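Descriptive analysis of the structure
Single-letter residue listing:
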Amino acid sequence: MNMLADYDHPTIKELAARLTQSETTVRGKLERIFHHVRDDIQFGFPMDGDYAKASGTVRLGTGNATRRPRCCLPLARRPAFLRASTSR
């Protein structure tokens, strides 16, 4: 597992649960995560560079072209996300 995609971090766990709680399909959950990263994490160049964990990018709400997509992976890999999915 990529150490930058810290899917066990409390920030990632809480956000994944909040974003996907009303969705019942895998596609719906993934769309919510994608739209959140696309629309709510602003494009920018944080001072700590490219090698920041996904939880840090979520916390800052800012990331560049490598940091923003890195947030999708741990949000979608949350074990609760996968178990709660009722259809594909």
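First, a word on scope: everything that follows refers to the structure included in this document.

Parameters at a glance
Residues numbered from 1 in each chain as written. Predicted model: local features only at pLDDT ≥ 70, side-chain atom pairs only at ≥ 80, totals over all residues. Heavy atoms only, no water. Helix = DSSP H or I, 4+ residues; strand = E, 2+ residues; numbered from the N terminus. Buried < 20%, exposed > 50% of the residue type's maximum accessible area, 1.4 Å probe, protein only. Contact = heavy atoms within 4.5 Å. Areas by Shrake-Rupley, 256 points an atom, 1.4 Å probe, with all protein chains shown as cover. Axes fitted to C-alpha atoms, helices over the stretch in contact; angles between N-to-C directions. Left-handed = near helix turned anticlockwise from the far one by under 90°. Nonpolar A, V, L, I, M, F, W, Y, C, P; charged D, E, K, R; others polar. Parallel < 35°, antiparallel > 145°, perpendicular 65-115°, else oblique.

Things to note about the overall build of the chain
- Broken down by element type, the chain carries five helices and two strands.
- The secondary structure elements of the chain, listed N-terminal to C-terminal, are α-α-β-α-β-α-α.
- Residues classed as buried in the chain amount to 41% of the 88 residues present.
- A separation of at least 24 residues holds for 54% of the contacts in the chain among residues at least 6 apart in sequence.
- Total accessible area on the chain is roughly 5,500 Å²; 55% of this is exposed by carbon and sulfur atoms.

Focus on the packing of helix α1 (residues 10-20) against helix α2 (residues 26-40)
- Where α1 meets α2, the closest approach of the two axes is 9 Å, and the angle between their N-to-C directions is 120 degrees. The element α1 and its partner α2 pack so that their crossing is right-handed. Residues L15, L19 and T20 of α1 form the contact with α2, whose participating residues are K29, R32, I33 and H36.
- Residue composition of the contact of α1 with α2, by class: three nonpolar, two polar and two charged.

Points about the packing of α2 against helix α4 (residues 67-77)
- Running from N to C, α2 and α4 point in directions that differ by 150 degrees, and their axes come no closer than 9 Å. Judged on the interaxial angle alone, α4 and α2 are roughly antiparallel. Judged by the sense of rotation from one axis to the other, the crossing of α2 with α4 is right-handed. From α2, L30, I33, F34, V37 and R38 reach across to α4, where they touch R68, C71, C72, L75 and A76.
- Of the residues belonging to the contact of α2 with α4, the class tally is eight nonpolar, no polar and two charged.

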